[in-house]
Amino acid sequence: MVALGTPFQCLTYSLLILPVLLLSIYFLAAFPDPPKTIYLHPGLSSLPLSCKSWKLYPEDFYPGGAYASFPYGKTRYFLMGPEDGKKIVLIHGLSVPAMIWKDVAPSLAARGYRVLLYDLYGRGYSDGPQTKYNSNLYVTQLALLMQHIEWDRAVLVGVSMGGGLAAAFTASFPNLVEDRVVIISSAGLVLTSDMSRTTKIMSLPLVQTLTSSLVAQKFLQHLTDSSNDTTPVDPLQEIVRLQSAHLPGYNAAISSSLRDGPVRGEYGSFSNDVWETRKLLIIHGTNDNTVPYKYAAMIQTALPQGCKSEIMTINGGGHDLTISHPDTIVEQIDRWILSP
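Before going into details, it helps to say that this report is about the structure given with it. All of these numbers come straight from a predicted model, not from anything done at the bench.

What follows covers the pattern of salt bridges. With the rule as written, the count across this model stands at 11 salt bridges. Note that Asp-334 is salt-bridged to Arg-111, the shortest N-O span being 3.0 Å. Of the two residues, Asp-334 is situated in helix H14 (residues 326-338) and Arg-111 in the loop between helix H3 (105-110) and strand E5 (114-118); the sequence distance between them amounts to 223 residues. According to the relative accessible area criterion, Asp-334 is buried, its value standing at 15%. Residue classification places Arg-111 among the partly exposed residues on the basis of a relative accessible area of 39%. When salt bridges with common partners are traced through the structure, they connect Lys-52, Glu-238 and Arg-241 into a single cluster.

Right under this line is the structure:
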């Protein structure tokens, strides 16, 4: 007879208990807690009227302003120009909201185009969801916005990161995009080696956490609010400073966009077969220190052979061409849309 506690008896108990234990672990792992609700940081509309942002970029900066609520937060958008005009979507870049189009959008509307502008998540008057700011987030935001305003198709015009987003959106929702696309100072293929040390540091998750903290926000607010109001400021640089200091979700959006967003990694979007039936105008300045001029040619090389593309070079032009060369930008967009 086998005595109690012998190795044979221990093995028998182990064989009986082990399956139950493994099944218990499996079910505990397979049924985690339900997903948490996404936390939404408010946009510029949450700031007191005394904040300088209301003077630089008021809520009614453009006519036809409204809000649309989506699963990742509300989006501020503007519609201008005749309702029966050719539809154009203007997509801004990494840090400056829709005010970057201040000299372009009204001119396009005056030429008879129906123009849609909006603030990307985490910028301007749109909410800043506490999530990853990748191409999927931005593409979904624009797709839902077009559905909200009942637009079937539109010409896309993107600047800087907005160019990479225009490519990602075209590859994801080709049926919503006309056969003409325009990108200006476009990111999308930026190599890590061309990113400044400051940019690389800003994109670190730890820095994202620190710059989004309450302590950092208070410090940035102190620096911004104590600046001399009589000193002339660049409105674009100032709105970036104000967003960074006063919008809790802004710094996180910038950091995550540099790391995860359409600033880089969009080669597959530009090389997608959907471009074989489209025309792409690439506008770039030779003195662009943010996205060097070489990327215009790199984007053109990535396109499939069937795509009709053109590089329109602005000699001496920097990165913010919509501000420095608005008339040229409007003329080129109009020419590209009307060309056979």
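Still to come is the rest of the account.
It is worth spelling out unusual backbone geometry at this point. For Ser-160, which is not glycine, the phi dihedral falls at a positive 55°. Residue placement: Ser-160 occurs in the loop between strand E7 (154-159) and helix H5 (161-172). Classification of Ser-160 as buried rests on a relative accessible area of 13%. Residues other than glycine seldom take positive phi values, yet Ser-185 does so here, at roughly 45°. Along the polypeptide, Ser-185 turns up in the loop between strand E8 (177-184) and helix H6 (197-202).

Below, the discussion takes up the side chain of His-92. The residue His-92 is located in the loop between strand E4 (87-91) and H3 in this model. Polar contacts involving the side chain of His-92 include one to the main-chain carbonyl oxygen of Val-96, which spans 2.9 Å. Dropping the residues within four chain positions of it, His-92 is found in contact with Pro-97, Ala-98, Ile-100, Trp-101, Tyr-118, Asp-119, Leu-120, Arg-123, Val-159, Met-161 and Gly-162.

This part covers the environment of Ile-239. Considering the arrangement of structural elements, one finds Ile-239 in helix H9 (residues 235-246). Residue classification places Ile-239 among the buried positions, given a relative accessible area of 0%. As a C-alpha pair, Ile-239 and Gly-124 span 115 residues in sequence and 8.8 Å in three-dimensional space. Beyond its immediate chain neighbours, meaning those up to four positions away, Ile-239 contacts Leu-44, Ser-53, Leu-56, Tyr-57, Val-96, Pro-97 and Met-99.

Judged by nonpolar contacts, the single largest core of 95 residues is most densely connected at Trp-101, Leu-117 and Leu-280. The greatest single-element share of this core, amounting to seven residues, is contributed by helix H4 (residues 135-148). When residues no more than four places from it in sequence are discounted, the contact partners of Leu-280 are Val-181, Val-182, Ile-183, Phe-270, Trp-275, Ile-299, Leu-303, Cys-307, Lys-308, Ser-309, Glu-310 and Trp-336.

What follows is about the pairing of E7. With six of its six residues buried, E7 lies for the most part within the structure. As judged from the four bridges shared by E4 and E7, these two strands associate in the parallel manner. Looking across to E7, one finds that Ile-88 is bridged to Val-155. Two strands pair when backbone bridges link them, and E7 and E8 are joined in this way by five bridges, in the parallel orientation. Bridge pairing in E8 links Gly-158 to Ile-183.

With respect to the element layout, Val-240 can be found in helix H9. Separated by 10 residues in the primary sequence, Val-240 and Tyr-250 place their C-alpha atoms 9.2 Å from one another. Filtering out sequence-adjacent residues up to four positions away, Val-240 remains in contact with Ser-95, Val-96 and Tyr-250.

Moving on to the side chain of Arg-114. With respect to the helices and strands, the residue Arg-114 is situated in strand E5. No salt bridge is formed by the buried Arg-114; the nearest opposite charge belongs to Glu-83, separated by 4.4 Å. Within the structure, Arg-114 has its side chain in polar contact with the backbone oxygen of Gly-81 (distance 2.5 Å). Setting aside chain neighbours within four positions, we find Arg-114 in contact with Leu-79, Met-80, Gly-81, Pro-82, Glu-83, Gly-85, Lys-86, Lys-87, Ile-88 and Trp-151.

This next bit is on helix H12 (residues 294-302). Within H12, burial applies to Tyr-295, Ala-296, Ile-299 and Ala-302. The buried residues of H12 occupy one face: seen down the axis, they fall within an arc of 130°.

This next bit is on H4. Between the first and last C-alpha of H4 there are 20 Å, a value that for 14 residues agrees with the 20 Å anticipated at 1.5 Å per step. For H4, the set of buried residues is Ser-135, Leu-137, Tyr-138, Val-139, Gln-141, Leu-142, Ala-143, Leu-145 and Met-146. Looking at the residues trailing H4, positive phi occurs at Glu-150, about 65°.

Each value, and the rule that gives it
- Residues numbered from 1 in each chain as written.
- Predicted model: local features only at pLDDT ≥ 70, side-chain atom pairs only at ≥ 80, totals over all residues.
- Heavy atoms only, no water.
- Salt bridge = Lys/Arg side-chain N within 4 Å of Asp/Glu carboxyl O.
- Helix = DSSP H or I, 4+ residues; strand = E, 2+ residues; numbered from the N terminus.
- Buried < 20%, exposed > 50% of the residue type's maximum accessible area, 1.4 Å probe, protein only.
- Polar contact = N/O pair within 3.5 Å; in protein donor to acceptor, adjacent residues only side chain to side chain.
- Contact = heavy atoms within 4.5 Å.
- Core = buried A, V, L, I, M, F, W, Y, C linked by side-chain atoms within 4.5 Å.
- Pairing = 2+ DSSP bridges.
- Lys, Arg positive; Asp, Glu negative; His and termini not counted.
- Arc of directions from axis to C-beta.
- Expected span 1.5 Å × (residues − 1).

So yeah, pure geometry; function would need other evidence.
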